[in-house]
Amino acid sequence: MKPTYRIPGLVVTEHELPAPLDHARLDGERITVFAREVAAPDGPDRPFLVFFQGGPGHEAPRPTTAGGPEFLTRALTEFRVLLLDQRGTGRSSPVGALDGMTPQEQVDYLANFRADSIVRDAELFRAALDVDRWSVLGQSFGGFCVLTYLSIAPEGLREAFFTGGLPPIGRSVDDVYCATYARVLERCRRYYETFPEDRELVHEIRGRVEAEDVRLPSGDRLTGRRLRELGHGLGMSDGLETLHYILELPFGSPLFMHELEAAAPFARHPLYAVIHEACYADGGATRWSAERLLPPEYAEDPTLFTGEHVYPWMFEDYGALAPLREAAELLAEHEWPRLYDPDRLAANEVPAAAAIYADDMYVERTFSEETAARVRGLRPWITNEFEHNGLRADGSRVLGRLIDLARGKA
């Protein structure tokens, strides 16, 4: 029996399936993949919309009686929604320290957690639920999964929607990080323009953490380079204020230390750190692209923040990542296969629409526009009304606009 329960306004059904760790070796190791089906009380037979979360390495949002995630309000008027915990996250065989494995065994395991494997897991669910075609929605990295879906299994799709997640096709990872660094530096400029007094405050904090052995609640030492990672959220609609409200707290207080540690997601989501660069690799090796391309401005100005960037030193400074340090080095040299099929995308027949955020700090707008032009029939909505978290900020409006675009109503 599939567990089903009711919370105010929602009917929730849980699904678990065994899946091959490596979809090319059906007789090999198995993992468990979990998804939660959410329907309105009067909509248990509506067509499916599958949601692919951003990340990589993040579980699907959990539905609540308060109406979260916000896009459900619009989605449930005509769909039931399948919230997929992508492999390695949430209840889908979550990746941790991978104790008991050699570094090479860890690499062989972790190589199976990119978008192509996630899409093949979704296809297992489609078969198990006896669905002919379903619609898909991808936020950020979830959009990378949707473009992969259009490349390898478009026959399973009725419609495809992207929010802040239309990835580049065939571009090098170095192209990606050159572009995102420029965006992050602009956000730093905006931040200090909005909160000019914080520049001296950051100087002070950095001086203290470099002179003293300051420990975070986890026991990790707070370093200057780790302090810089507070810029991770600057690309969200509330990113500037959120950072300011952390930095204004008394240095060393429990609240300051806990808020600072929670602002970086890497310890909670180790898979995010390990395969973040790899999720952009449409062929080839990444070779620590963010580290190699760090702009010279960072050597000149210690108050600058970094963004969604992963560096080899993180596997030393973050205790939770240390068990994966050698595997991360090997993965940086791994030659990844291509994720997207340009010919198949050029012949696409699945109605599709994408929200492309004009100032997106995480997924470069110009590359998204290039991709939109290469997917036959995809209708882009280029907007500066929202930041990267538009689906979370006003999900009903964003999803509603994409549905109308894909169906030719807008």
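Residues numbered from 1 in each chain as written. Predicted model: local features only at pLDDT ≥ 70, side-chain atom pairs only at ≥ 80, totals over all residues. Heavy atoms only, no water.

### Re the nonpolar core
Item 1. Phe-52, Trp-134, Phe-305, Met-314 and Phe-315 are the most contacted members of the largest nonpolar core, which totals 108 residues.
Item 2. The element best represented in this core is helix H5 (residues 173–194), accounting for nine residues.
Item 3. Apart from residues lying up to four places away in sequence, Met-314 is in contact with Glu-229, Phe-266, Ala-273, His-309 and Leu-321.
Item 4. In terms of nonpolar packing, the next biggest core, distinct from the first, is built from 28 residues, Ala-40, Phe-79, Tyr-357 and Ile-403 among them. (Core = buried A, V, L, I, M, F, W, Y, C linked by side-chain atoms within 4.5 Å. Buried < 20%, exposed > 50% of the residue type's maximum accessible area, 1.4 Å probe, protein only. Helix = DSSP H or I, 4+ residues; strand = E, 2+ residues; numbered from the N terminus. Contact = heavy atoms within 4.5 Å.)

### Concerning the packing of aromatic side chains
Item 1. Under the counting rule described, the total for this entry stands at 18 aromatic pairs.
Item 2. Between Tyr-177 and Tyr-280 the ring centres are 6.2 Å apart and the planes differ by 70°, which places this aromatic pair in the edge-to-face class. Here Tyr-280 lies in the loop between helix H10 (270–275) and helix H11 (289–292) and Tyr-177 lies in helix H5, a separation of 103 residues in the sequence. As far as burial versus exposure is concerned, Tyr-177 and Tyr-280 are alike and both buried.
Item 3. Centroid distance Tyr-191 to Phe-195: 5.3 Å. Interplanar angle 45°. Geometry classified as tilted. (Phe/Tyr/Trp six-rings, centres within 6.5 Å; stacked < 30°, edge-to-face > 60°.)

### A short note on the environment of Glu-387
Item 1. In this structure, Glu-387 sits in the loop between strand S9 (378–383) and helix H17 (390–393).
Item 2. In this view, Glu-387 contacts Arg-187, Arg-190, Gly-235, Met-236, Ser-237, Tyr-357 and Asp-359; residues no more than four positions away in its chain are not counted.
Item 3. Engagement of the side chain of Glu-387 in a polar contact is seen with the side chain of Arg-187, the distance being 2.8 Å. (Polar contact = N/O pair within 3.5 Å; in protein donor to acceptor, adjacent residues only side chain to side chain.)

### Looking at the pairing of strand S4 (residues 48–52)
Item 1. Most of S4 sits inside the fold, with five of its five residues counted as buried.
Item 2. Here S4 shows two buried faces, one formed by Phe-48, Val-50 and Phe-52 and the other by Leu-49 and Phe-51.

### Observations concerning the side chain of His-58
Item 1. Here His-58 shows up in the loop between S4 and helix H1 (72–75).
Item 2. At 3.2 Å, the side chain of His-58 forms a polar contact with the backbone oxygen of Pro-56.
Item 3. Contact partners of His-58, with chain neighbours within four places excluded, come to Gln-53, Gln-86, Thr-89, Pro-265, His-269 and Tyr-272.

### Considering unusual backbone geometry
Generally, phi is negative for residues other than glycine and the peptide bonds are trans, each holding for most cases.
Item 1. The omega torsion across Gly-55 and Pro-56 is 5°, close enough to zero to call that bond cis.
Item 2. Summarising the element assignment, Pro-56 is placed in the loop between S4 and H1.
Item 3. Unusually for a residue other than glycine, Ser-93 sits at a positive phi of about 40°.
Item 4. Note that Ser-93 resides in the loop between strand S5 (80–85) and helix H2 (103–110).
Item 5. Its identity as a non-glycine residue notwithstanding, Ser-140 has a phi of 55°, on the positive side.
Item 6. By secondary structure assignment, the location of Ser-140 is in the loop between strand S6 (134–139) and helix H4 (141–152).

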